[in-house]
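A look at the structure
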Amino acid sequence: MYQISRIGRLTKNARSVSSMIGSRSTNTSNTTLVNNKIKNETHSIRQYANVTGGNIMSSTFSKTPMGIFADQLFLQPINPATNQPITDLKIDTKITLQQKYEKAYLYKEQWKNTSAIDKKIMITKFRDLLVERVDKLASDLTDESGKPITQARNEILAVVERINFFLHNFEDIVADKVIRTTDKFKELLVQEPLGVIANISAWNYPFFISLNVIIPALLTGNCVLFKPSEFSSITGLNIMALLYEAGVPEPAFQIVLGKSIISQSLLNLPIDGVFFTGSNATGKKISETLVGRMVKTQLELGGKDAVYVHKSADIYKAAASVADGAMYNTGQGCCSVERIYVDKEIYDKFTQELVNVVKTFKFSFDPKNPKTYFGPLTRGVAQIEHLQKLIGNALKRGAILELGGNVVEDAPGYFFAPTVLSNVHENMDIQKEEIFGPVVTIQPVSGVEEAVAQMNNTAFGLTNAVYAQDSKVANFVIQKSNTGTVYWNACDRVSPYLPWSGRNQSGIGSTLGVEGIRNFVKPKAIHLISPGPAQFFGESYASEIIPPTNPDLESLVAQKASQSIQYTDIDNAAPTELFPPVEIDFQVEDGHDEDGLLSESGMPDIEEDHPDPNEITDDDMSILEDIKNQLDSNKKNE
Ligand code: NAD
């Protein structure tokens, strides 16, 4: 193939990593077979990217009759394991996009009013179709993303639990609630769908990420315009087909295909909400596009996920768990472990154990083999370059390469060797930027306080994890972590029952959990005032959100008062105690209220005692006298 032959040619000039940086262990692999076949010539790879403009698709399109212009009309997904084009997909234009928006807009009232039971039937059928068609769906996902087939199947089957969570909980969240009824008024809270929402999605877990939004959005009555990643558009089309087969009407769910340009056009439509999952850089562009529009926006962005291994941890169990957390999905996960901090006392042993575990994960050029653990990099050259840049920078600054380090020689696609770097420090780019590949770093620390400081020393805030037998250590990390999720003796884990959210540069908002449903509705507060006699609204009622009198709290207040602080009894206080009179010196003019409180205009005529700024006072005169005397005495001295 064109691109691979270029990689092959360039890598012939490459020096081996071990000769460049004095690797501790470079030829120990048995099952992974890649460690002695890697290259580390970042310069050569950069030249290669320039030749193709870093754009895999345009290079393959350049061979089609339409040449590079085809790129404006079609997506051509490439299998990253073989570098073969899979198919041509027609992309949307501004005109088709506008038509789709209008269709959704005109349908939104109807979809909002479709009964909950009808929606539940459709989504349940969709869930069952996912399971029924898992083989085909997983096979397509593996073809277009390189995700190993077993992991593709796992992803699809794990969606079932998420859908069940949404099905079980959404009705309670959208249900109308009477908050308060008295004989004079009634207060109600109703939830309404946002309207037409855009879901702009990433490729790395395309079923999870998109369905975390699509399912609760549809169930709560929103129409969805779904823009899958250009690297997972076939999966996007599969999701669309199954939703339609399950009975979801076309205007309620439509797909938008294309790259960033069409995605930006989608944002420019008068949509009612944007739910984005992707990189931090794109998240920033999306917020810039939406600035001033007051559109509900959720951004689920990247991470720089960290783990601390305390000396009390079971080293073998911790190494096995962290290795999987770093390398599963070929390290292409927002919560894939990227930074490991290990107590100095166990650092060498843990590092060795981690490398040993990673070597047991099966590396193969065939992601359709059920035993394959590592697949290719989905985004090809762009990702390879990024990883090489970070690894090269770290090695130059003193990192030690424990395993891997570069692309795999003679690979049919974009395969990168699983890589472990030790002896890293916080000033290296690899400790700051999101890696998003099968690369993990290990840094020694001298205890939990340093570990937490290092873990939080990042612009991101998605997950932190601690491995320890000592629960005090675990609690310290849990409390001090500035992340949306924290794990104890686990990592790289998502639960449908808990909100998934990032802090800082990892994003705004959350999917999953109760919050992940409530995000798709907006509250309407309704105040009804009785037009009739008392009891117009029937029996009085107070929902649970109205606090009953709290005897515990009242006795606590009394106790505090008897101790030191004196609280004023507001109900029985004389008005003067609460509002001490303000003395205003004003003069009463003829014809005004005798008490001088109000003038005819309703306001007191206050003659305020402002000094005249031009008046020369006695003080001024004495200052002038002093100055004059001083000048006279100066003259005499001269
Ligand atoms: P990406 O930002 O490149 O693309 C995401 C989507 O945005 C795609 O559909 C793409 O077409 C679109 N897009 C690209 N440029 C755009 C622009 N200028 N305006 C509007 N839309 C644009 O991200 P990716 O490579 O698809 O996904 C990987 C990233 O996603 C990683 O950073 C990963 O950490 C993050 N991610 C986060 C979570 C999470 O839950 N926090 C989950 C999965 C992935």
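Computed from a predicted structure; not experimentally measured.

With that out of the way, let us pick up the packing of aromatic side chains. The full count for this structure, using the stated rule, is 17 aromatic pairs. Ring geometry for Phe 361 against Tyr 373: centres 4.2 Å apart, planes inclined by 25°, an arrangement best described as stacked. One end of the pair, Phe 361, is in the loop between α15 (347–360) and α16 (381–396); the other, Tyr 373, is in the loop between α15 and α16, and twelve residues separate them in sequence. Exposure remark for Phe 361: the relative accessible area of 12% places this residue in the buried category. Directly above the ring of Trp 111 sits Lys 119, whose terminal nitrogen or CZ lies 5.3 Å from the centroid. Of note, Arg 162 hangs over the ring of Phe 208, and the distance from its end group to the ring centre comes to 3.8 Å.

Turning next to helix α14 (residues 315–327). Here α14 is 13 residues long and its end C-alpha atoms lie 18 Å apart, about the 18 Å a rise of 1.5 Å per residue gives. Residues of α14 that are buried: Ile 315, Ala 318, Ala 319, Val 322, Ala 323, Gly 325, Ala 326 and Met 327. In this structure, the buried residues of α14 make contact with β12 (306–309), β13 (339–343), α15, β15 (419–422), β16 (439–445) and β17 (463–467). Where α14 begins, the capping side chain belongs to Asp 314, and its oxygen is found 3.1 Å from the backbone nitrogen of Tyr 316. Positioned one or two residues after α14, Asn 329 has a phi angle of 60°, which is positive.

Okay, the site of the ligand next. Glu 230, Thr 282, Leu 301, Arg 379 and Glu 434 are the nearest of the 28 residues found near the ligand. Within the side chain of Glu 230, an N or O atom sits 2.6 Å from an oxygen atom of the ligand. Between an oxygen atom of the ligand and a side-chain N or O atom of Ser 279, the distance comes to 2.7 Å. If the ligand stood free it would expose 850 Å²; the protein chains cover 92% of that surface. For the shell around the ligand, the secondary structure elements donating two or more residues are α12 (260–267), β10 (273–277) and α13 (280–290). Each residue belonging to the shell around the ligand can be placed in one class, and the counts come to eleven nonpolar, eleven polar and six charged.

With 80% of its residues at a pLDDT of 70 or more, the protein chain shows a mean pLDDT of 85. Taken together, the stretch residues 1–59 has pLDDT below 50 and engages in 118 contacts with residues farther than four places along the chain or on a different chain. Per-residue pLDDT stays below 50 along residues 584–608; that stretch engages in 25 contacts with residues further than four places along the chain or on separate chains.

Turning our eyes to something else, we now look at the packing of helix α17 (residues 448–455) against helix α18 (residues 471–480). Between α17 and α18, the least distance of the axes is 10 Å, while the angle of their chain directions is 25°. Classified by the interaxial angle, the pair formed by α17 and α18 is roughly parallel. As for the relative orientation of α17 and α18, their crossing is right-handed in sense. Contacts between α17 and α18 involve Val 448, Glu 449, Val 452 and Met 455 from the former and Val 473, Phe 476, Val 477 and Lys 480 from the latter. Tallied by class, residues from the contact of α17 with α18 come to six nonpolar, no polar and two charged.

What follows is about the sheet that holds β17. If you walk across this open sheet you meet the seven strands as β14-β15-β16-β13-β12-β17-β18, and the pairing is mixed. Every other strand in the sheet has two partners, leaving β14 (400–403) and β18 (485–488) as the edge strands with one partner each. Taken over all neighbouring pairs, the strand axes of this sheet differ in orientation by 20° on average, direction set aside. Pairing between β13 and β16: five bridges, direction parallel. Directly across from Tyr 341, in β16, lies its bridge partner Gln 443.

Let us look at unusual backbone geometry. With phi around 65°, Asn 83 is a residue other than glycine that occupies positive phi space. Owing to a relative accessible area of 0%, Asn 83 belongs among the buried residues under this scheme. At Leu 512, a position not held by glycine, the phi torsion is positive, near 65°. If you trace the backbone, Leu 512 turns up in the loop between β21 (510–511) and α19 (515–518).

Before going further, it helps to spend a moment on helix α11 (residues 233–245). In this model α11 runs 18 Å from its N-terminal to its C-terminal C-alpha over 13 residues, within 8% of the 18 Å that 1.5 Å per residue would give. Among the residues making up α11, those that are buried are Ser 233, Ile 234, Thr 235, Gly 236, Asn 238, Ile 239, Met 240, Leu 242 and Leu 243.

Read across the open sheet, the six strands follow the order β9-β8-β7-β10-β11-β20; overall the sheet is mixed. The open sheet terminates on both sides in strands that have one partner only, identified here as β9 (253–255) and β20 (507–508). Judged from the five bridges that link them, β10 and strand β11 (residues 296–300) form a sheet pairing that is parallel. Note that in β11 the partner of Phe 275 across the bridge is Gln 298. Sitting on the sheet, helix α6 (residues 94–113) touches β7 (196–200), β8 (223–227) and β9, and the angle it makes with β8 is about 145°.

Reading guide: rules and limits
Residues numbered from 1 in each chain as written. Predicted model: local features only at pLDDT ≥ 70, side-chain atom pairs only at ≥ 80, totals over all residues. Heavy atoms only, no water. Phe/Tyr/Trp six-rings, centres within 6.5 Å; stacked < 30°, edge-to-face > 60°. Helix = DSSP H or I, 4+ residues; strand = E, 2+ residues; numbered from the N terminus. Buried < 20%, exposed > 50% of the residue type's maximum accessible area, 1.4 Å probe, protein only. Lys NZ or Arg CZ within 6 Å of the ring centre and 35° of its normal. Expected span 1.5 Å × (residues − 1). Contact = heavy atoms within 4.5 Å. Polar contact = N/O pair within 3.5 Å; in protein donor to acceptor, adjacent residues only side chain to side chain. Near = heavy atom within 4 Å. Areas by Shrake-Rupley, 256 points an atom, 1.4 Å probe, with all protein chains shown as cover. Nonpolar A, V, L, I, M, F, W, Y, C, P; charged D, E, K, R; others polar. pLDDT = per-residue confidence, 0-100. Axes fitted to C-alpha atoms, helices over the stretch in contact; angles between N-to-C directions. Parallel < 35°, antiparallel > 145°, perpendicular 65-115°, else oblique. Left-handed = near helix turned anticlockwise from the far one by under 90°. Pairing = 2+ DSSP bridges.

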